[in-house]
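Listed below, chain by chain, are the residues.
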Amino acid sequence: MPDQPAATFTPPKELKAFQNDRQLCVARFSPCGNFLAAGAMEGTVRRWKVVEKPKAAVDVELPDEPKKKPAAKKAPEESPVDLVPLPHLTGFNGWVQNLAFHPKDKVIFAADTWGKLAALAYEGDGPKPIWENATAHDGWIRRLAISADGQHLATCGRDQFVRIWTTAGKLVAEHRAEAEVFAVTFAPAGKLVAFGDLKGRVKTWDFGTKQVVRDFDASVLFSLSRLQDVCGLRVVTFIDAGKSLLVGGCEPAGGGFLEGAPVLVKFDTATGKKQTEWKFGAAKDGFVLDLAAHPGGYLIVVTSGQPGSGKIMFLRPGEKEPFFTHTGVANVHSVTLHPDGKRFAVSAMNKASNGNGRPKTADGSYPGNTSPVHLFEIPAA
Amino acid sequence: MNPLCKPWEHATSRRQFLGASAGALAFGALGGMISPQAAEAMRKKEKQVLFVWLDGGMSQLESWDPKPNTEFGGPFRTIKTSVPGTHFSELMPQCAKQAHRLCVVRNIATKDNAHSSGVARIQRGDPKNRGVAYPFFGSSIAKLMGPTASKLPPYVWVKPGSGGFKTEDAGFLGPKYGSLAFGDGKPPEDLLRHASLTAEEDEERNELRDLLNKRYTAQRRPTYTEASSFVFDTARELMKRQNIFDTSKLPAKELDRYGRTEIGQHMLVARNMLEAGVRFVKVGSYGWDSHGDNFNASASLVPKFDRAFAAIVEDLAVTGLLENTLVIAMSEFGRTPRINGHVGRDHWPEAWSIAMAGCGLKAGAVVGATNDKGTDVKDKGHDIGAVFHTWFKALGIDSKKVEYDNNGQPLPLAHDEMEAIKEALA
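Bear in mind that the values here come from a model prediction, so they are computed numbers and not experimental data.

Trainee: How do you make sense of the pattern of salt bridges when you look at a structure like this?
Mentor: Where charged atoms from two side chains of opposite charge approach closely, those side chains can pair. In total, this model carries 49 salt bridges over all chains according to the counting rule given. With a shortest N-O distance of 4.0 Å, B:Glu275 and B:Arg271 are connected by a salt bridge. Here B:Glu275 and its partner B:Arg271 are both found in helix α9 (residues 262–276), 4 residues apart, which amounts to about one turn of the helix. With a relative accessible area of 40%, B:Glu275 lands in the partly exposed category. What emerges from the salt-bridge pattern is a single network uniting A:Asp21, A:Arg22, A:Glu42, A:Arg46, B:Glu71 and B:Lys373.

Quick look at the structure:
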């Protein structure tokens, strides 16, 4: 998709919100584009088959509309794409907070908050694990990444370790950081990874030589609030073919409510020098929780803050402000770009997700919150 | 915003400290009495209290009552404790080792889900409304049991931020029974004799103070000045024992055991105070109101509490003090099972936990339970009134018989329609 000048930019259109009965941590499209998977706050991986509806089928589903009448297009449009649920992938504990698809093989990797890392086939009705390691980390695996060549996985966790694995599950290298590690990513090529810890200390590390290459100061993403070490760091990713490193999260104003503005910092990978720092909004807006690089040269950045606060932003790394911001979705926790570059999906939250005490429901039940998956289409320029 | 969130406060000077005391006392009134014989009998037992207040609301699901792998259970694992069959959150490995000394009540069900009213309501025991402000538990014990033979202040509060004399805790008992608060765990600045003064010069200053006090007394009701003198004299007793506040000379291993954190250092000061003979020591910790990012907040906060609390329970047990010390750790409520969009938990008085240990309590007990998802107490829960009866009973005070005398108005010590939690009592 060509880069779009702001003046002629047509905003993305939400095709449909697919409801779920549980909260999700992350959603990802498969490289083939035919599957969407999501890690849930219930120890499962949820799966959907991405089904393109033939146009005729859309018309069939609107039988009351006169076929010749142009006004039919103004009626609520059926999504041209459907997500057809498949059986969950089970065997995980706590939350499945991280997923990564192999770039070529039909394999998905998942990591849970109890320390388990597993590889599973993602097609079929009842896939079984290809391999699994129940003690890949001691507890919460906070981030999982896969190298562009599909050879290695990187994980990091509450146990302060960054670990590199082959995609066959063999431990290759590990590095113990100074504190809990919240994010890790691979450089586009070679054996360089970047990771960021609790206090906003970001480092590049060569897992071939097992040496730290460079330090990056993202301490803006940390504060000590009373007794609480407040970690704002959530995302580390390379852009510009590895020349730049982006670190995202929240500039915390305090613990408890955890107010703070979403922040994204761009560093020069070679020198460690800070190049740009974006702050997206007010204290209620919270965290940059995820981002996706569009082949058109811009980033899709998502945020989640106080309940109800969420943004989807399109940002060119060379510009000061996002050229598009959408606030119609509450608490956006992840974004995934379809491989065709024409659609993206976000996992978010139902409205009115907070409240003290027991909500008064008519039947006296206590419903949990849920994470709809919102599917968007990016119009052609 | 959290209505109780306060700006960072500063160390308290001697002038502020005494000024706050005198000002508050001038508007107060002394309240009830119990019989001198009963009070004396209580003092002989020299029972003490450690009250750890986690302001804002600790999550029961990330501490005492985990529900792993359930809809609202969160990301954490559980761990075994020293009591077979009892599990705590993985964030509490040290408390897990002390479980055989603890008494955890998992079916607390209270009524107030707001900080602004709940903090006081819980600490006053939420009795029936009789048109008076009931005392906080610390003030109640200061009144009912008084100072120990050490003559140290009966109710001391080690807290972050500012110090001073907190008379509002005392309710109808009157300001004398307020808490003597040590901000940031430090003594008031320059209450002790300055190095440039000789002992004789300091004595002359104190004589001058006494003279001024007498003039002040002559113009006011004796109860006010009696309270003022009581506060100053007990505070001076404490000031003579500077080692209580000085944790810097302790072995590194001991500092590490409590944790080199605010709550760790404050708990060490509390231990020193209990060992020195302070009747009631409250340790306050702020910042537990985790509406946002609850799980990372808990991952940071809970282990710091865990380390400090387990260390003091162990030390009190080793020194034998636990036998006569009632230990309590609690908040104004728990946190919602439901996880909000900011990955936080909100206020939840419906089903939460209190941890206790020490005198009069069953050790290694887990009392009550919540349902599988942690959304309700099983069977009948216990309100704070029942908890107050339990504490009084554990301290040897019969809260069904002993009453306050509020200038002729008899008032029960705790909610008169509630009973002590028998399963928690030894």
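Trainee: How should I be thinking about the packing of helix α5 (residues 137–145) of chain B against helix α11 (residues 384–394) of chain B in this particular structure?
Mentor: Geometry of a packed helix pair, given as the angle between the helix axes and the separation of the axes. All names here are of chain B. Here α5 crosses α11 at 35°, and the two axes come no closer than 12 Å. The way α5 lies across α11 gives a crossing that is right-handed. In this structure, α5 contributes Phe-137, Ser-140, Ile-141 and Leu-144 to the contact, and α11 contributes Phe-388, Trp-391 and Phe-392.

Trainee: Mind showing me how you'd approach the interface of chain B and chain A here?
Mentor: Interface size is often expressed as the accessible area that is lost when the parts come together. Between chain B and chain A, the residue contacts involve 51 residues of the former and 46 residues of the latter. Note on chain B versus chain A: buried area summed over both sides is about 4,200 Å², and carbon and sulfur give 52% of it. A per-residue breakdown of the area chain B buries against chain A is headed by B:Arg77, B:Arg338 and B:His342, which together make up 18% of the total. Here chain B and chain A share 7 salt bridges between them. A salt bridge links A:Arg358 to B:Asp376, with the shortest nitrogen-to-oxygen separation between them at 2.6 Å. Scanning the region where chain B abuts chain A turns up 32 residue pairs in polar contact (both at pLDDT 80 or more).

Trainee: In this structure, what is going on with the sheet that holds strand β12 (residues 161–166) of chain A? I would like to understand it.
Mentor: As a general point, the strands of a sheet are linked pairwise by backbone hydrogen bonds and lie either parallel or antiparallel. Residues and elements named next belong to chain A. The 4 strands are arranged β10-β11-β12-β13 in an open sheet whose pairing can be described as antiparallel. Since the sheet does not close on itself, it has two edges, and those belong to β10 (141–146) and β13 (171–176), each with one partner. For this sheet, the mean inter-axis angle between neighbouring strands, taken without regard to orientation, is 15°. Examined bridge by bridge, β12 and β13 share 5 bridges and lie antiparallel to one another. In the strand pairing of β13, Phe-161 is matched with Arg-176.

Trainee: Looking at this structure, how should I read the nonpolar core?
Mentor: Most often, soluble globular proteins have nonpolar side chains that are buried together. Residues and elements named next belong to chain B. Residues Trp-64, Leu-238, Met-273, Phe-305 and Phe-309 are the most contacted members of the largest nonpolar core, which totals 82 residues. Looking at this core, the element that brings in the most residues is helix α10 (residues 294–319), giving 13 residues. Residues in contact with Phe-309, not counting those within four places in the same chain, are Val-52, Trp-64, Cys-95, Leu-102, Met-267, Val-327 and Ala-329. If you look at the next biggest cluster of nonpolar residues, it comprises 49 residues, including Tyr-134, Leu-173, Ile-384 and Met-418.

Trainee: Before we go on, may I ask you to explain the pairing of strand β5 (residues 155–159) of chain B in this structure?
Mentor: Side chains on a regular strand alternate between the two faces of the sheet. All names here are of chain B. With 5 of 5 residues buried, β5 is to be regarded as a mostly interior element. Neither face of β5 is left uncovered, since the one carrying Tyr-155, Trp-157 and Lys-159 and the one carrying Val-156 and Val-158 both have all their residues buried. As paired strands, β5 and strand β8 (residues 280–285) are joined by 4 bridges and run parallel to one another. Within β8, the position partnered with Val-156 by the bridge is Val-281.

Parameters and conventions
- Residues numbered from 1 in each chain as written.
- Chains lettered and ligands numbered in written order.
- Predicted model: local features only at pLDDT ≥ 70, side-chain atom pairs only at ≥ 80, totals over all residues.
- Heavy atoms only, no water.
- Salt bridge = Lys/Arg side-chain N within 4 Å of Asp/Glu carboxyl O.
- Helix = DSSP H or I, 4+ residues; strand = E, 2+ residues; numbered from the N terminus.
- Buried < 20%, exposed > 50% of the residue type's maximum accessible area, 1.4 Å probe, protein only.
- Axes fitted to C-alpha atoms, helices over the stretch in contact; angles between N-to-C directions.
- Left-handed = near helix turned anticlockwise from the far one by under 90°.
- Contact = heavy atoms within 4.5 Å.
- Buried area = accessible area lost by both parts, 1.4 Å probe.
- Polar contact = N/O pair within 3.5 Å; in protein donor to acceptor, adjacent residues only side chain to side chain.
- Pairing = 2+ DSSP bridges.
- Core = buried A, V, L, I, M, F, W, Y, C linked by side-chain atoms within 4.5 Å.

Just geometry here; none of it tells us what the structure is for.
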